Amino acid sequence: MKFFNSETTLSSQTVVMSTMELYSPTDLNDALRFMERDGRNATVIASGTDLLPRMRRKQISPSVLIDISSFTEDLRYIRQSDGTIRLGALTTVSDLLESPLFHGRLSMIREAGMLFGAPQVRNVATIGGNICSASSSEDLIPVFMVLDAKLKIVSARGERSVPLKDFIIGKRETALKPSEMLAEVEFSPPGGHSWTAYEKLGRRNMLIIAIVNEALSLSLEDDLRTVRSARVALNRVSGKIPALAVRTNDFLEGRRVTVETIAQAQKVLASELSLTSDFRGSGTYRTEIAQVYLKRLLERCTRQIGGPS
Ligand SMILES: Cc1cc2nc3c(=O)[nH]c(=O)nc-3n(C[C@H](O)[C@H](O)[C@H](O)COP(=O)(O)OP(=O)(O)OC[C@H]3O[C@@H](n4cnc5c(N)ncnc54)[C@H](O)[C@@H]3O)c2cc1C
């Protein structure tokens, strides 16, 4: 199938037509074969909620689109086995919200889903599209990052696994090669004394583009006071890309969760952020909110044991 994206210059009476091809493969293998053979300039489209607005704004002009939205058999699932949760790339945000897996310890995923767009967007927006957008305000990237998620990347030549923390290499840039596609997100739910939480600030209550969003996965030792592992991730940690706040995480590990520890951790977090300003908020404001959220997340994750001492 071929359709035209026209640039019409009527004044000079010439018509410039730039073509864009839309390829609708029959299944995943067909798509991978196509990408291996002809896909150098091809762009995957899942539900298009990120891609199509960018095309409309002329931020990108792909010459070939590969529509994977019909591969629900291959890529839309939520599975749990051997202590691992696997999510197909076409799993939608609404699928996450409907799953019984994301209550309790993994309630952060549910929280992020509830704050995501509006119901119409949640019904179609895919987790693969969210991650591959590699943008600085996506909700699910920090959430999966604090769970140390790994990504299954597939191509006609086979598959490889890439930690999510290494997948996003720049603003709108991923570690995907031209012939590759994201197939699955995999993580082990935290065990023992663990909790997760998510916070997001926007300028309105729905269709929120995050000014700051921050996720925490916290595990405590058996004494229920000392941090065994802390994973904080937020967008724009270094520059504009989502990342783990490594220095803050290292600082928290092995320390007791006290009011003093939290105050110090807030300073460490501020020192590793380089948050930029735009019309939604200044870098200074964003840094302050990120610090407030760190405190709130730590308090929420320790609520069941009475909060920080
Ligand atoms: C009104 C509105 C509200 C929104 N609100 C939010 C929000 O609150 N939070 C949020 O995080 N986002 C939000 N978004 C952005 C968008 O909905 C999400 O990023 C969504 O998850 C993208 O999924 P998709 O299936 O539509 O991806 P697409 O738009 O189809 O693709 C996005 C990008 O990922 C690539 N891609 C998609 N799937 C794959 C794959 N399997 N392998 C390789 N590359 C792939 C595409 O090539 C493209 O670059 C919103 C968008 C709109 C229009």
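Just so you know, these numbers come straight off a predicted model, no measurement behind them.

1. Regarding the site of the ligand
Turning to step 1, where the next piece is worked out: In the region of the ligand, 30 residues are neighbours, and Val44, Thr49, Gly117, Thr126 and Asp139 sit closest.
Turning to step 2, where the next piece is worked out: Between the ligand and the protein, one listed contact pairs an oxygen atom with a backbone N or O atom of Ser47 at 3.0 Å.
Turning to step 3, where the next piece is worked out: At 2.6 Å, a side-chain N or O of Asp139 approaches a nitrogen atom of the ligand.
Turning to step 4, where the next piece is worked out: When the ligand sits alone it has 980 Å² of accessible area, and the protein chains cover 87% of it.
Turning to step 5, where the next piece is worked out: Of all the elements in the fold, those that place two or more residues in the shell around the ligand are strand E3 (42-45), helix H7 (127-133) and strand E11 (181-187).

2. A look at the side chain of Thr126
Turning to step 1, where the next piece is worked out: Residue position: Thr126 is located in the loop between helix H6 (119-122) and H7.
Turning to step 2, where the next piece is worked out: Discounting residues that sit within four places of it in the chain, Thr126 has contacts with Ala46, Ser47, Ala89, Leu90, Thr91 and Thr92.

3. Points about unusual backbone geometry
Turning to step 1, where the next piece is worked out: The backbone of Lys58 shows a phi angle near 60 degrees, a positive value even though the residue is not glycine.
Turning to step 2, where the next piece is worked out: Relative to the helices and strands, Lys58 resides in the loop between helix H2 (51-56) and strand E4 (64-67).
Turning to step 3, where the next piece is worked out: For Lys58, a relative accessible area of 54% puts it in the exposed group.

4. Some details on the domain arrangement of the protein chain
Turning to step 1, where the next piece is worked out: The assigned domain composition of the protein chain is domain 1 (72-187) and domain 2 (193-305).
Turning to step 2, where the next piece is worked out: A C-alpha centroid distance of 21 Å is found between domain 1 and domain 2.
Turning to step 3, where the next piece is worked out: Listed per partner, the contact involves 29 residues of domain 1 and 27 residues of domain 2.
Turning to step 4, where the next piece is worked out: Area buried by domain 1 at its contact with domain 2 is led by Leu115, Ser136 and Val146, which between them contribute 26% of it.
Turning to step 5, where the next piece is worked out: Summed over the shared surface of domain 1 and domain 2, the result is three salt bridges.
Turning to step 6, where the next piece is worked out: Summed over the shared surface of domain 1 and domain 2, the number is ten residue pairs in polar contact (both at pLDDT 80 or more).
Turning to step 7, where the next piece is worked out: For the side of domain 1 that touches domain 2, the secondary-structure elements that each account for two or more residues are helix H5 (107-114), H6, helix H8 (140-146) and strand E9 (168-170).
Turning to step 8, where the next piece is worked out: The biggest single contributor to the side of domain 1 that touches domain 2 is H8, with five residues.

About the thresholds
- Starting afresh in each chain, residues are numbered from 1 along the sequence in its written order.
- Per-residue local features of the predicted model are confined to residues with pLDDT of at least 70, and side-chain atom pairs are confined, for both listing and counting, to 80 or more; whole-chain, interface and lining totals are unaffected and use all residues.
- The basis for the side-chain values is all heavy atoms of the structure; hydrogens and waters are excluded.
- Each residue is tested against the molecule or strand, and it is near if at least one of its non-hydrogen atoms lies within 4 Å.
- Pairs of N or O atoms are called polar contacts if they sit within 3.5 Å, as long as, within protein, a hydrogen donor faces a hydrogen acceptor (for residues adjacent in sequence, only side-chain-to-side-chain pairs).
- Note on areas: Shrake-Rupley, 1.4 Å probe, and residue coverage restricted to the protein chains presented here.
- Helix numbers and strand numbers start at the N terminus; a helix is a DSSP run of H or I with at least 4 residues, a strand a run of E with at least 2.
- What makes two residues a contact is simply this: any of their non-hydrogen atoms within 4.5 Å.
- For every residue, the accessible area obtained with a 1.4 Å probe (protein chains only) is divided by the maximum for its type, and the residue is called buried under 20%, exposed over 50%, and partly exposed between those limits.
- Per the annotation, domain bounds derive from an automatic or database assignment of domains.
- The term buried area means the drop in 1.4 Å probe accessible area that two parts suffer when joined, counted for both and summed.
- Salt bridge, as used here, is a side-chain nitrogen of Lys or Arg placed within 4 Å of a carboxyl oxygen of Asp or Glu.

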